[in-house]
Amino acid sequence: MTQVLPYSGGNSHPGFMGWVQGGGTPVGMLAEMLSAGLNANMGGRDQMPLEVERQIGLWMRELFGFPDTSSGLFVTGSSTANFLAVLVARTRALGAASRASGVTAASGKLVAYAASSAHSCITKAMEMSGLGSQALRQVPVNVQGEMDVCALASMVAADRLAGLQPFLVVATAGTVNIGAIDPLEQVADLAAREQLWFHVDGALGALAVLSPDLAPQFKGIERADSLALDFHKWGQVPYDAGYFLARDGADQLETFATPAAYLARHTRGLAAGSPWPCDLGPDLSRGFRALKTWFTLVCHGTENLGAAISNSCALAQYMKQRIEATPELELMAPVALNIVCYRFRSDNTNAVNDELVVLLQESGIAAPSASSLDGHVVIRAAIVNHRTVAADIDALLEATLAFGRQLVQPITLKNKEEG
Ligand SMILES: Cc1ncc(COP(=O)(O)O)c(C=O)c1O
């Protein structure tokens, strides 16, 4: 307690706005303690804990308007969920036989598409899939940071002309840098026309469908072939709780199910209840992530979670307005959801803002993170924690101004002190 607690990352604190991190809840903590006591291995077998995970799958199906054929799986996070999407789409494109023969024959042929603003885990997923990151085309974005679907169409056409095989398009529902939402309906139309697997990376934004005022912006998500989302971000479930949802569970089985004598299934006894989660993803031994998610959804209710999500977007708008009204600060990107990128105006802006972020973090007042947009270093605040209120935004901006002024006038200040 004395050695670890004071030195953790601090993402439960209302002033924590770095990267994209949820704040957790006491009920989530209680559930985590209970599941540690139960010590369930969620790879399979006929046991009640699996029904809890299946229940979440049914709720996710309903929430995202997926059909009865859909199936889902808890994973560590959306990096893994996005990786599963690439693997499932790859198996769909190459056929189940490619699981044995490998991807060498298709190497250099299959191509995937994601906006230039997509999370780096999509690139990593392409690398880990054996298809290579060179097979991932970066589609340009418009001024709002959303995928340019006309450019996507031209890129697909050019690749087909070159004899390549477009197979996957990844749209992002809430980009990591600025929270932009790719035009999901248009991407869905194009994917249907071109027979591409349509995956949505909803790590950051998908759960915003819980908020009635935000849900319309996500229209088209229900048409995805697969979806990645994180309960540990806006869902406030303690780490880790990522989720992969596939439109047709048969695709998941075709990609991952691997029979083995020691995992044989029966109609009765502990080995009943097939298919098991180990048939739907890479893991055999798995923890009980579903329990803390169930506790969070049931104890807090989807309405309250949606209200907290909506509130963090309202706080982002409040922050945007304060920045726009402060001449020393500059808003650096549109604010679509809960992410605000800004900087302190100065001559040496990149160096000053980089240092400013470190000073803010070290001060303990607030913890944004640094990122860059078009070569400009920005201070990035992702308002995810349900505990964050307007006073935390005020504290971040006041501290930005105080540290920023100190950084740009060290000599003047020093001279004054000396004089
Ligand atoms: C849009 C997006 N995709 C994927 C990820 C990766 O998710 P995870 O950290 O759960 O692996 C993130 C993380 O912030 C994200 O914002």
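Residues numbered from 1 in each chain as written. Predicted model: local features only at pLDDT ≥ 70, side-chain atom pairs only at ≥ 80, totals over all residues.

## Digging into the pairing of strand S5 (residues 197–202)
Reasoning step 1: Extensive coverage of S5 is indicated by the burial of six of its six residues.
Reasoning step 2: Sheet analysis places strand S4 (residues 165–172) next to S5, joined by five bridges and oriented parallel. Residue pairing in the sheet places Ala171 in a bridge with Val200 of S5.
Reasoning step 3: One crossover worth recording links S4 to the parallel S5 by way of helix H7 (residues 184–194), and it is right-handed.
Reasoning step 4: As judged from the four bridges shared by S5 and strand S6 (residues 226–230), these two strands associate in the parallel manner. Within the sheet, the bridge partner assigned to His199 lies in S6 and is Ser226. (Buried ≥ 20, exposed ≤ 12 C-beta atoms within 10 Å, placed from the backbone. Helix = DSSP H or I, 4+ residues; strand = E, 2+ residues; numbered from the N terminus. Pairing = 2+ DSSP bridges. Right-handed = clockwise from strand over helix to strand, strands pointing away.)

## Brief notes about the sheet that holds strand S10 (residues 369–373)
Reasoning step 1: Taken together, the four strands give an open sheet; going across it, the order is S8-S9-S11-S10, and neighbouring strands pair in antiparallel fashion. Of all the strands in the sheet, the pair left with one neighbour each is strand S8 (329–331) and S10. Averaged over all pairs of adjacent strands, the angle between their axes in this sheet comes to 45°, without regard to strand direction.
Reasoning step 2: The sheet contact formed by S8 and strand S9 (residues 339–344) spans three bridges and is antiparallel. Paired with Leu329 across the bridge in S9 is Phe344.
Reasoning step 3: Sheet strands touched by helix H10 (residues 302–324): S8, S9 and strand S11 (376–382). Its angle to S9, the strand with the most contacts, is close to 20°. (Axes fitted to C-alpha atoms, helices over the stretch in contact; angles between N-to-C directions. Contact = placed C-beta atoms within 7 Å.)

## Some details on the packing of helix H2 (residues 48–64) against helix H9 (residues 289–300)
Reasoning step 1: Where H2 contacts H9, the two axes come as close as 8 Å, and the packing angle between them is 55°. Classed by the angle they form, the pair H2 and H9 counts as oblique. Relative to H9, H2 is oriented so that their crossing is left-handed. Here H2 contributes Val52, Glu53, Gln55 and Ile56 to the contact with H9, which in turn contributes Ala290, Leu291, Thr293 and Trp294.
Reasoning step 2: Class assignment of the residues belonging to the contact of H2 with H9 gives a composition of five nonpolar, two polar and one charged. (Parallel < 35°, antiparallel > 145°, perpendicular 65-115°, else oblique. Left-handed = near helix turned anticlockwise from the far one by under 90°. Nonpolar A, V, L, I, M, F, W, Y, C, P; charged D, E, K, R; others polar.)

## A closer look at the site of the ligand
Reasoning step 1: Around the ligand, 15 residues are found, and the nearest of them are Gly77, Ser78, Ser79, His119 and Ala203.
Reasoning step 2: The class makeup of the residues in the shell around the ligand is five nonpolar, eight polar and two charged. (Near = placed C-beta within 6 Å.)

## Observations regarding the sheet that holds S6
Reasoning step 1: Strand order in the open sheet made by the seven strands is S1-S7-S6-S5-S4-S2-S3, with mixed pairing throughout. Looking at strand neighbours, the two that pair on one side only are strand S1 (71–75) and strand S3 (136–139), the edges of this open sheet. Strand after strand, the sheet turns through a mean of 20° between neighbouring axes, direction not considered.

## Some thoughts on the domain arrangement of the protein
Reasoning step 1: The assigned domain composition of the protein is domain 1 (26–300) and domain 2 (302–418).
Reasoning step 2: Taking only C-alpha atoms, the centre of domain 1 and the centre of domain 2 are 32 Å apart.
Reasoning step 3: The partner domain 2 presents 18 residues to the 22 residues of domain 1 that form the contact. (Domains from an automatic or database assignment.)

## Focus: the pairing of S1
Reasoning step 1: S1 sits mainly inside the fold: five of its five residues count as buried.
Reasoning step 2: Neither face of S1 is open: one carries Ser71, Leu73 and Val75, the other Gly72 and Phe74, and all of them are buried.
Reasoning step 3: Sheet topology note: the S1/strand S7 (residues 242–246) ladder contains five bridges and is antiparallel. Paired with Phe74 across the strands is Tyr243, a residue of S7.

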